[in-house]
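Each chain, written out:
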Amino acid sequence: MSETVFKETVLELKNLNVGYSSKEPILKNINLEVEKGEIIALVGPSGAGKTTLIKTIASIIPQTSGEICILGECCVDCLPSGNVGYIPQRLGLVNNKTVIENIIFGKFHEMNFLDVFLSGPNKEIIKEAMKILESLEMKEKANEQVKFLSGGERKRVAVARTLLQKPKIILADEFLGELDDETSISVGFKMFNYVKKNKSSIIFVDHNPARAMGVSDKVFKVCESKVIKLDKQEKNVEVAI
Amino acid sequence: MTEKNKTQLSLLITIFILFVFSNNLNLDTGSIIEGGRNSKDFIQEALPLDMSIFDAQPYPVCEKKITFFCSVAWLGLSETFQMAYIATILGFLLAVPLSVVASSNLNFGKIKFISRAILSFIRVLPSLVWAIFFVVAVGLGPLAGVLAMTIYTVGFLGKLQYEAFEGISNHPIESARAIGMKKWQIVHHVVFPESANNLMSQLLFMLEYNMRHGAIIGLVGAGGIGYYLNLYLKLGIYDRVMSILMIMFVSVMLIDSISNALRKKYFNETKQ
């Protein structure tokens, strides 16, 4: 007997337009669906709008028109709820805080005023954060300030923050860039393994098309204000408009 | 008209305006020469310095073992320092919420303009005018001085603080917002740590500034070393006036050196 597979859409972009004025949009009429457990790669030339698309989904850049539906909730000016993990190109770490403090930010959306101000994060959270750091070979750097870390180490801190957050959707802008091959495989494996194991979804920007093709379920090319779906042979098969 | 002619014309207009304004204000060159003679008389009377300001005052009777602690120098300076310290800390604490709301990168909407208007209004009046206002309101003494300096510190530090908040990188703020951190969490855990160096530097600068202004506002009866400065000026005891100015100079230099050392240490750590 064949098993019926129910697909669950976790993210949907409907007729999305993004830009600083309606006359010259950076992204035009984007329609995109991401299903639960999917790994989506965004590729394309520099300045095409990949980061803009990621930032719009993360509610950092407002759309000029259209809708973004996250976990079934559609809104025009959405407030982030903690269900979305975000690793920006420049990582967005707080330089004057330690590695462990930066990672725990991933759990802040679950904490109340007293937790954060008086008692701080509980032991369970710290234990979990240390476990993630250990898996990323960063345990011994836990109490170091982020400003003293190398570029690769900073990337791992940003990944660790997202893994602790346990979001339903992860938005990652070039999180594997600037890492040596070995670290990139190890960090990428941790992230994609988390996505598959927890039925989470990830949209990541990658400048390495071969790697993007290799690890993702779907690859989209951002080009000339549009998002084009690529097949595994890198042929354009569908224009996502 | 050539560039050279334009420059010459601008120069001529500037000199013409200079003469017109000088004439309007009756700036008499004779008075300047007279002023020079008066200054010479003042310096002759002020030197040598009167070191009696380091001795215990005749009244009230000094009960301390070290009589210096009953001297005009110590009483005035310590009162000015205490006023400056209290005003700087209070002003800093009051300025923080106003500057957070006034920062454009923290999106507090229209309240931002109200907060900026309050800070601008405070800065419109110099600390001396605030001192006169508080001397009238609460009477002569250190309380008026502390209140005046606190209010001025709020206006001055508030502006510096919101500029420091606006100067930090947007990436940590955007990132924190995207992962669901609340606004107060972002302020407390992202904005404050990222601008800590600037806030510390501004705080030290303000302490030094309030120490200097503590003497000035004392002239209108707001306590501190300025009270004695005013007293000796009125009585024409210029050698004591000069002594007070010298200890003011030394104490400001001392605070300046300490704050420079602290800033250097703090910023050097950041640059590693």
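For the structure itself, look to the data block above.
Residues numbered from 1 in each chain as written. Chains lettered and ligands numbered in written order. Predicted model: local features only at pLDDT ≥ 70, side-chain atom pairs only at ≥ 80, totals over all residues. Heavy atoms only, no water.

J.: Lay out the overall build of chain B with the relevant residues and their values.
T.: Check the secondary structure of chain B and you find eleven helices and zero strands. Tracing chain B from N to C terminus, the helices and strands come up as α-α-α-α-α-α-α-α-α-α-α. In summary, chain B has a C-alpha radius of gyration of 24 Å against a globular reference of 19 Å for 272 residues, an excess of more than 25%. By its C-alpha atoms, chain B is 75 × 70 × 45 Å across when sized along the principal axes. Within chain B, buried positions represent 39% of all 272 residues. When contacts within chain B are restricted to residue pairs at least 6 apart in sequence, long-range pairs at least 24 apart make up 71% of them. Total accessible area on chain B stands at roughly 15400 Å², and carbon and sulfur atoms take up 69% of it. With 21 positive and 17 negative side-chain charges, chain B shows a spacing of 11 Å between the two charge centroids. (Helix = DSSP H or I, 4+ residues; strand = E, 2+ residues; numbered from the N terminus. Rg over C-alpha atoms; globule rule 2.2 N^0.38 Å. Buried < 20%, exposed > 50% of the residue type's maximum accessible area, 1.4 Å probe, protein only. Contact = heavy atoms within 4.5 Å. Areas by Shrake-Rupley, 256 points an atom, 1.4 Å probe, with all protein chains shown as cover. Lys, Arg positive; Asp, Glu negative; His and termini not counted. Charge placed at Lys NZ, Arg CZ, Asp CG, Glu CD.)

J.: Can you lay out the nonpolar core for me, pointing to particular residues and giving the numbers?
T.: Most often, soluble globular proteins keep nonpolar side chains buried together rather than apart. If you look at the biggest cluster of nonpolar residues, it comprises 111 residues, and the most contacted ones within it are Leu11, Leu13, Leu171, Phe175, Ile202 and Ile203 of chain A. Looking at this core element by element, the count peaks at nine residues for helix 6 (residues 142-167) of chain B. Discounting chain neighbours no more than four positions away, the residues touching leucine 11 of chain A are Leu32, Glu33, Val34, Ile57, Ile68, Cys69, Ile70, Ile169 and Ile203 of chain A. If you look at the next biggest cluster of nonpolar residues, it comprises 18 residues, including Ile53, Val72, Ala73 and Tyr232 of chain B. (Core = buried A, V, L, I, M, F, W, Y, C linked by side-chain atoms within 4.5 Å.)

J.: Lay out a nonpolar patch on the surface in plain terms, naming residues and giving numbers.
T.: A grouping of Met1, Leu9, Ile13, Phe16, Ile17, Val20 and Phe21 of chain B is seen on the molecular surface, where their side chains present a nonpolar patch of about 710 Å² in accessible area. Along the chain, isoleucine 13 of chain B turns up in helix 1 (residues 3-24). (Patch = residues over 30% accessible without salt bridge, like charges linked within 9 Å, V, L, I, M, F, W, Y side chains within 5 Å. Salt bridge = Lys/Arg side-chain N within 4 Å of Asp/Glu carboxyl O.)

J.: So what's going on with the interface of chain A and chain B? Residues and values would help.
T.: Size of an interface, as often reported, equals the accessible area lost when the parts are brought together. Residue-level contacts link 31 residues of chain A with 20 residues of chain B. Approximately 2100 Å² of surface area, both sides summed, lies buried where chain A meets chain B, with 60% of it carried by carbon and sulfur atoms. Remark: the boundary between chain A and chain B carries one salt bridge. For the salt bridge of lysine 55 of chain A with glutamate 174 of chain B, the shortest nitrogen-to-oxygen distance reads 3.4 Å. For the pair chain A and chain B, the interface holds eight residue pairs in polar contact (both at pLDDT 80 or more). Put simply, the parts of the chain that give the side of chain A that touches chain B at least two residues each are strand 6 (84-87), helix 3 (113-119) and helix 5 (151-165) of chain A. A class-by-class count of the residues in the side of chain A that touches chain B yields 16 nonpolar, ten polar and five charged. (Buried area = accessible area lost by both parts, 1.4 Å probe. Polar contact = N/O pair within 3.5 Å; in protein donor to acceptor, adjacent residues only side chain to side chain. Nonpolar A, V, L, I, M, F, W, Y, C, P; charged D, E, K, R; others polar.)

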